Amino acid sequence: MKTLAICLSILALLLSLPLAQAQTDTTQPAAREVSYSEPKLQQFANAYRAIVELSREYAPKLKAAADIEEAEAINREAQGKMIEAIRSAGLTKEEYQQIAGSLKSDPALVEKVNKMLQKDQR
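Just so we're clear, the structure is a prediction, and the values are computed from it rather than from any experiment.

Novice: In this structure, what is going on with the pattern of salt bridges? I would like to understand it.
Specialist: It is possible for side chains bearing opposite charge to pair when their charged atoms get close. Inspection of every chain in the model, using the stated rule, returns 6 salt bridges. E38 is the salt-bridge partner of K112, the closest N and O atoms lying 3.4 Å from each other. Of this pair, K112 sits in helix α6 (residues 107-121) while E38 sits in helix α3 (residues 38-63), and the two are 74 residues apart along the sequence. E95 is the partner of K40 in a salt bridge, and the nearest nitrogen-oxygen pair spans 3.2 Å. Taken together, the residues K40 in helix α3 and E95 in helix α5 (residues 93-103) connect sequence positions 55 residues apart.

Here's what the structure looks like:
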């Protein structure tokens, strides 16, 4: 059962995965260049930060789940909060995913978002 709980914790982290992949996989050629405004990228950075915090909060809860039903309930709660964090940042889930997808093929965009994340941490 613990293995299933760990797998569910991985599912909860999927919303934050695209940025992490983009940071390490910059060798792919750009399929299409999409331009995002600075405010839209700042919204993405804010949502990303919130999702990372939620992932950190929920990962131990998922690991500690007594059974698969509890883990699934925790996972649904975490994903709901992640989607709410995206909305609170001013984006739709689709916009968030679109920007995250663009990061996979645009190293300059990754750099721009990373600078926003670093700047906001100060």
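Novice: Explain the environment of A85 to me, please; I cannot follow it from the model alone.
Specialist: Among the structural elements, A85 can be located in helix α4 (residues 68-88). Linking A85 and N46, residues 39 residues apart in sequence, is a C-alpha distance of 8.6 Å.

Novice: How do you make sense of the packing of α3 against α5 when you look at a structure like this?
Specialist: Working note: a packed helix pair is described by the angle between its axes plus the distance between those axes. Orientation of α3 relative to α5, taken along the N-to-C sense of each, is 95°, at an axis distance of 10 Å. On the basis of the axis angle, α3 is roughly perpendicular to α5. Taken together, the residues of α5 that come into contact with α3 (itself represented by K40, L41, F44, A47, Y48 and I51) are E95, Y96, I99, A100 and L103. Considering only residue class, the contact of α3 with α5 consists of 9 nonpolar, no polar and 2 charged.

Conventions and cut-offs
Residues numbered from 1 in each chain as written. Predicted model: local features only at pLDDT ≥ 70, side-chain atom pairs only at ≥ 80, totals over all residues. Heavy atoms only, no water. Salt bridge = Lys/Arg side-chain N within 4 Å of Asp/Glu carboxyl O. Helix = DSSP H or I, 4+ residues; strand = E, 2+ residues; numbered from the N terminus. Axes fitted to C-alpha atoms, helices over the stretch in contact; angles between N-to-C directions. Parallel < 35°, antiparallel > 145°, perpendicular 65-115°, else oblique. Contact = heavy atoms within 4.5 Å. Nonpolar A, V, L, I, M, F, W, Y, C, P; charged D, E, K, R; others polar.

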